[in-house]
Amino acid sequence: MTDMVSPPIPPQRSRGWYKRNEIAVTPWLFLLPGILFFAVYVIIPIFQSFWISFHEWDGLGEKVWVGTGNYERLLGGDRKFEVSFWNNIKWLFLYLLAIPAGLFIALLLNQTVRGIRLYKSMFFFPFVLSQVVVGLVFSWFYLPREGLLNAILGVVGAGPVNILGDPTLATYGIIAAGLWPQTAYCMILYLTGLNAVDPEQIEAARLDGAKGWKMLWYVVLPQLRPATFIAFVVTIIGALRSFDLISVMTNGGPFGSTRVLSFYMFEESLSEFGFRMGYGAAIAVVLFFIMLFFIAYFLYSMYRDEKGAR
Amino acid sequence: MRSFFKASTAALGLAAIAASGAFADGHAKLSGDLRIISDMSNPAPRAVMEGLAADFGALHPDLNIELDIVDREAWKTQIRNALTANAPDVINWYAANRMGPYVNAGLFEDISDMYANGDLPGLEAVKGAMTLDGKQWGVPYTYYQWGIYYREDIFNELGLEEPETFEQELANCQKIVDSGRKCYAIGTKFLWTAGGWFDYLNMRTNGFDFHMQLARGEVEWTDDRVRETFANWRKIIDMGGYIDDHQSYSWQEALKFMTDGEATAYLIGNFAVAPMRDAGLGDDQIDFYQFPMINDHPMGEDAPTDTFHIPANATNKDNARAFLQYVTSAEVQTAINSGDALGQLPVNANSSVDADEFLEQGFEMLSNNATGGVAQFFDRDFPAEMASVGMEGLQEFMVFPDNLDDILARLEDARQRIYK
């Protein structure tokens, strides 16, 4: 190549390394601060957690190496861990109800009626609220004597229930509270998705005689796939990191029956009586791998879709 | 307005002491810095702490005092960072086992010499609560009694007397239940209130020394004596003595049952008196009695102590020591624990107790009737991990007493792991 260059050019050949590689280097320069912060605050702490999980450590004194001791205790019949794990599973599946519920509301609101924006914003409203506020509102709703729920049940003639005080019901009560804002989130995802639905396809389907469920299932839903995908991702991640509602509504109780892994981790290592950083880190690592499993699956399917689209 | 009034009266009281010059004489003038981090964040304690810093500053004009007040709950997790990175000179914490992690990690300053050389006169009685490994690690500044606060008017209406034995207590309770009320309000949502009941039932059933052996992990939870404690507890549960759904309430929320007259008594610390009065109960409607005797053991009492400590990494330790000495002196103790300030008991034996019905009764009880000994509280006497596992089990027992065997097995399992 250089042989072909005409004589006046050689002085320019000595331009700096940066000038020569500008196109390749500049994006990295812009990414550098982000990468740096991501490494310092996300990547390195992940490996630190792995490291700490092999120790017994109270967060203050010397770390004592215990190898896989924490994991053996955790997976070898720690009842708190089992309760937390199964509660996480419950959260995972029941939280997904937010997706059909959000779709239903979105379809309902996707019409041109006077004042529809107001209705839309009212349905979206719970998502804007802080989770702490949602938790408080629902714990008042569930109050054993004064709560609205029991007032309603009283009218119907059903006996009073203490949802948050009953170890068999409390988790479901909290999930129901969590579904309220999550449904609003899914709804907004579907509303934007519905805006992108091709009216010509609807028209064509209508000419072919499709309506009602068939129209929804074969024509609308396939076009909503991107929205459904995002709704799945945010809902599953939301379910796995559920913490604030539990902390506000029951504080893990009654007798620890509403713990999930993230709350158990907090309790063990950071709460008032928590001095077991190693054990807490082991719980965090287990939760990390559960999340990694889902995220890897989502990334994989996203990659597959992208490739297919090309 | 109210807290402003409180603040100014407290400040005035302290200023009067400072102005009297009783202090300034015996102490050398201090200079340099003094950094304090305090968790006295509720309105009244906050005013007291700010008053303390201001008056100590007035005594030592050359001293530069920096006071940080942090939220009491938040402090429980922040203290770890505060002690290690850029440690202040004085901090707040709690006595007994709650000091354990910091003492073991070498983060609290050993101030045994101050107790030994007479710098802290009048503190002999509370020295024990500050002792770990045979050394003292801080000074107390206030404590308060626990006991049964009850609705005097309802007792009068039903013709009941303050009980002295457990049989009388149960007989009273039966009458209260028959009248359509509950005997005891309690809110166990945050667990520790259940610890108070266990403390008392165990101290009365098996004695103070046994309770402390259990706290030190020397007795098995499946021991028959522990079972006897739970059997006594079960008598109250089975007769419907406690309010329903207590696992859903905090202690403040459960207070409403007592102010509404749906429950007649509450086993709680003296800090509950102020909210009771705020809720409209007059002093003729509330009264106090010591938890009755069950078996013939010297009576032990719960009296949690709040404390000041010097971090081992502090930079101005001499100033900090002077401050601890100031806080625990008889005059300051009288002033800051008075009814319009903290409203609790002074730790210095030479202080006077404010003329308040409950403070006087509590002081009398702790001075003369706590012959068994003074405990801190379930979550301060037991190691942290044991306390958290334990209180969860106690709450479960109060809701499902039939699970006792399972609960005790779980606690025993925890005991064998925690105490090594």
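Residues numbered from 1 in each chain as written. Chains lettered and ligands numbered in written order. Predicted model: local features only at pLDDT ≥ 70, side-chain atom pairs only at ≥ 80, totals over all residues. Heavy atoms only, no water.

### Concerning the sheet that holds strand 7 (residues 146–151) of chain B
Note: strands within a sheet are paired through backbone hydrogen bonds, in either parallel or antiparallel orientation. Residues and elements named next belong to chain B. Taking strand neighbours across the sheet as the criterion, the four strands line up as 8-9-7-10 in an open arrangement whose pairing is mixed. Of all strands in the sheet, those bounded by a partner on one side alone are strand 8 (182–184) and strand 10 (286–289). When the angles between neighbouring strand axes are averaged without regard to direction, this sheet yields 25°. Against the sheet, helix 11 (residues 251–259) touches strand 7, strand 9 (263–269) and strand 10, its axis set at about 145° to strand 9. Contacts from helix 15 (residues 357–369) reach strand 7 and strand 10, with the element oriented near 5° to strand 10. (Pairing = 2+ DSSP bridges. Helix = DSSP H or I, 4+ residues; strand = E, 2+ residues; numbered from the N terminus. Axes fitted to C-alpha atoms, helices over the stretch in contact; angles between N-to-C directions. Contact = heavy atoms within 4.5 Å.)

### What to know about the interface of chain A and chain B
Accessible area lost upon the coming together of the parts is a frequently used measure of interface size. Each partner contributes residues to the interface: chain A has 32 residues there, and chain B has 34 residues. The junction of chain A with chain B conceals about 2600 Å² of combined surface from both sides, 53% of it contributed by carbon and sulfur atoms. Interface area lost by chain A to chain B is led by Leu60, Phe255 and Phe273 of chain A, which between them contribute 29%. Linking chain A to chain B there are five salt bridges. A salt bridge links Glu385 of chain B to Arg276 of chain A, with the nearest nitrogen and oxygen atoms 3.2 Å apart. Viewed at the interface, chain B and chain A are joined by ten residue pairs in polar contact (both at pLDDT 80 or more). Among the secondary structure elements, those contributing two or more residues to the side of chain A that touches chain B are helix 5 (79–95) and helix 14 (244–249) of chain A. Among the residues making up the side of chain A that touches chain B, the classes are represented as 13 nonpolar, nine polar and ten charged. (Buried area = accessible area lost by both parts, 1.4 Å probe. Salt bridge = Lys/Arg side-chain N within 4 Å of Asp/Glu carboxyl O. Polar contact = N/O pair within 3.5 Å; in protein donor to acceptor, adjacent residues only side chain to side chain. Nonpolar A, V, L, I, M, F, W, Y, C, P; charged D, E, K, R; others polar.)

### Points about the UniProt feature "transmembrane region" (unreviewed entry) in chain A
Residues and elements named next belong to chain A. Sites flagged by UniProt as "transmembrane region" (unreviewed entry) map to residues 23–47, 91–110, 122–143, 169–194, 215–240 and 279–300. Within the segment residues 215–240, helix and strand shares are 96% and 0% respectively, and the terminal C-alpha atoms sit 34 Å apart. The span residues 279–300 shows a helical share of 100% and a strand share of 0%, and its end C-alpha atoms are spaced 31 Å apart. (UniProt positions renumbered as here; feature names shortened; annotations may be inferred.)

### A closer look at the environment of Asp287 of chain B
Residue and element names in this part refer to chain B. Summarising the element assignment, Asp287 is placed in strand 10. Here Asp287 falls in the buried class, since its relative accessible area comes to 10%. Sequence separation between Asp287 and Leu345 is 58 residues, and the spatial gap between their C-alpha atoms is 17 Å. Polar contacts involving the side chain of Asp287 include one to the side chain of Gln361, which spans 3.0 Å. (Buried < 20%, exposed > 50% of the residue type's maximum accessible area, 1.4 Å probe, protein only.)

### Let's talk about the domain arrangement of chain A
All names here are of chain A. When the domains of chain A are assigned, the result is domain 1 (20–65) and domain 2 (78–309). The C-alpha centroid of domain 2 is placed 30 Å from the C-alpha centroid of domain 1. Every contact between the two is made by ten residues of domain 1 and, on the other side, nine residues of domain 2. In total, domain 1 and domain 2 occlude about 710 Å² of area from one another, counting both sides; carbon and sulfur atoms represent 80% of this. The interface formed by domain 1 and domain 2 includes one residue pair in polar contact (both at pLDDT 80 or more). Here the element with the most residues in the side of domain 1 that touches domain 2 is helix 3 (residues 22–52); it accounts for four residues. Here the side of domain 1 that touches domain 2 is built from residues that sort into five nonpolar, four polar and one charged. (Domains from an automatic or database assignment.)

### Describing the sheet that holds strand 12 (residues 305–309) of chain B
All names here are of chain B. In spatial order, the strands read 2-1-3-12-6; together these five strands make up an open sheet with mixed pairing. Looking along the sheet, the strands with just one partner apiece sit at the ends: strand 2 (63–69) and strand 6 (139–143). Averaged over all neighbouring strand pairs, the angle between strand axes comes to 25°, with direction disregarded. Across four bridges, the pairing between strand 3 (residues 90–94) and strand 12 is antiparallel. By the bridge assignment, Ile91 is partnered in strand 12 with His309.

### Observations concerning unusual backbone geometry
Residues and elements named next belong to chain A. Even without being glycine, Phe255 reaches a positive phi, approximately 40°. Mapped onto the elements, Phe255 comes out in the loop between helix 14 and helix 15 (261–269). Among the residues examined, Phe255 registers a relative accessible area of 10% and is labelled buried.

### With respect to the side chain of Ser257 of chain A
All names here are of chain A. Tracing the sequence through the fold places Ser257 in the loop between helix 14 and helix 15. Assessed through its relative accessible area of 12%, Ser257 is described here as buried. If we ignore the near neighbours within four places in the chain, the residues touching Ser257 are Val83, Asn87, Pro167, Thr171 and Gly252.

### Focus: the pattern of salt bridges
Proximity of charged atoms lets side chains of opposite charge pair with each other. All names here are of chain B. Evaluated as defined, the whole model comprises 35 salt bridges over all chains. A salt bridge links Arg321 to Glu109; its shortest N-O distance comes to 3.5 Å. Of the two residues, Arg321 is situated in helix 13 (residues 317–328) and Glu109 in the loop between helix 4 (100–104) and helix 5 (112–116); the sequence distance between them amounts to 212 residues. Comparing Arg321 with Glu109, the two get one shared label, buried. In this structure, Asp260 engages Lys256 in a salt bridge whose closest nitrogen and oxygen atoms are separated by 2.9 Å. Under the relative-accessibility criterion, Lys256 is labelled partly exposed at 44%.

### Structural notes on the packing of helix 8 (residues 192–206) of chain B against helix 17 (residues 384–399) of chain B
Residues and elements named next belong to chain B. Packing of helix 8 against helix 17 brings their axes to within 8 Å, and their N-to-C directions diverge by 80°. Relative to helix 17, the element helix 8 lies roughly perpendicular. In contact with Trp192, Ala194, Gly195 and Phe198 of helix 8, helix 17 contributes Met391, Leu394, Gln395 and Met398. (Parallel < 35°, antiparallel > 145°, perpendicular 65-115°, else oblique.)

### Section: a nonpolar patch on the surface
A cluster of nonpolar side chains, contributed by Leu36, Phe37, Phe38, Val40, Tyr41, Val42, Ile43, Ile44 and Phe47 of chain A, occupies part of the molecular surface with about 920 Å² of accessible area. Relative to the helices and strands, Val42 of chain A resides in helix 3. (Patch = residues over 30% accessible without salt bridge, like charges linked within 9 Å, V, L, I, M, F, W, Y side chains within 5 Å. Areas by Shrake-Rupley, 256 points an atom, 1.4 Å probe, with all protein chains shown as cover.)

### Thoughts on the state of the cysteines
Residue and element names in this part refer to chain B. Summed over all chains, the structure comprises one disulfide over all chains. The disulfide bridge from Cys173 ends at Cys183, spanning 1.9 Å between sulfur atoms. Measuring handedness by torsion sign, the sulfur bridge of Cys173 and Cys183 sits at about 90° and is right-handed. Here the residue Cys173 occupies a position in helix 7 (residues 166–178), and Cys183 occupies one in strand 8, the gap between them amounting to ten residues. Relative accessible area serves as the criterion here: at 1%, Cys183 is assigned to the buried category. (Disulfide = S-S within 2.5 Å.)

### Let's talk about the domain arrangement of chain B
Residues and elements named next belong to chain B. The domains assigned to chain B are domain 1 (2–143 + 305–351) and domain 2 (146–302 + 374–418). Taking only C-alpha atoms, the centre of domain 1 and the centre of domain 2 are 31 Å apart. Each partner contributes to the interface: domain 1 provides ten residues, whereas domain 2 provides eight residues. Taking both sides of the interface into account, the surface hidden between domain 1 and domain 2 amounts to around 710 Å²; carbon and sulfur atoms contribute 39%. Scanning the region where domain 1 abuts domain 2 turns up two salt bridges.

### Thoughts on the nonpolar core
Counting residues in hydrophobic clusters, the biggest one holds 139 residues, and the most contacted among them are Phe108, Trp197, Trp221, Phe230, Trp233, Phe308 and Phe323 of chain B. Broken down by element, the residue count for this core peaks at eight residues, all from helix 17 of chain B. Each of domain 1 (2–143 + 305–351) and domain 2 (146–302 + 374–418) of chain B contributes no fewer than three residues to this core. Listed in part, the 63 residues of the second largest apolar core include Leu74, Ile163, Ile175 and Met215 of chain A. (Core = buried A, V, L, I, M, F, W, Y, C linked by side-chain atoms within 4.5 Å.)

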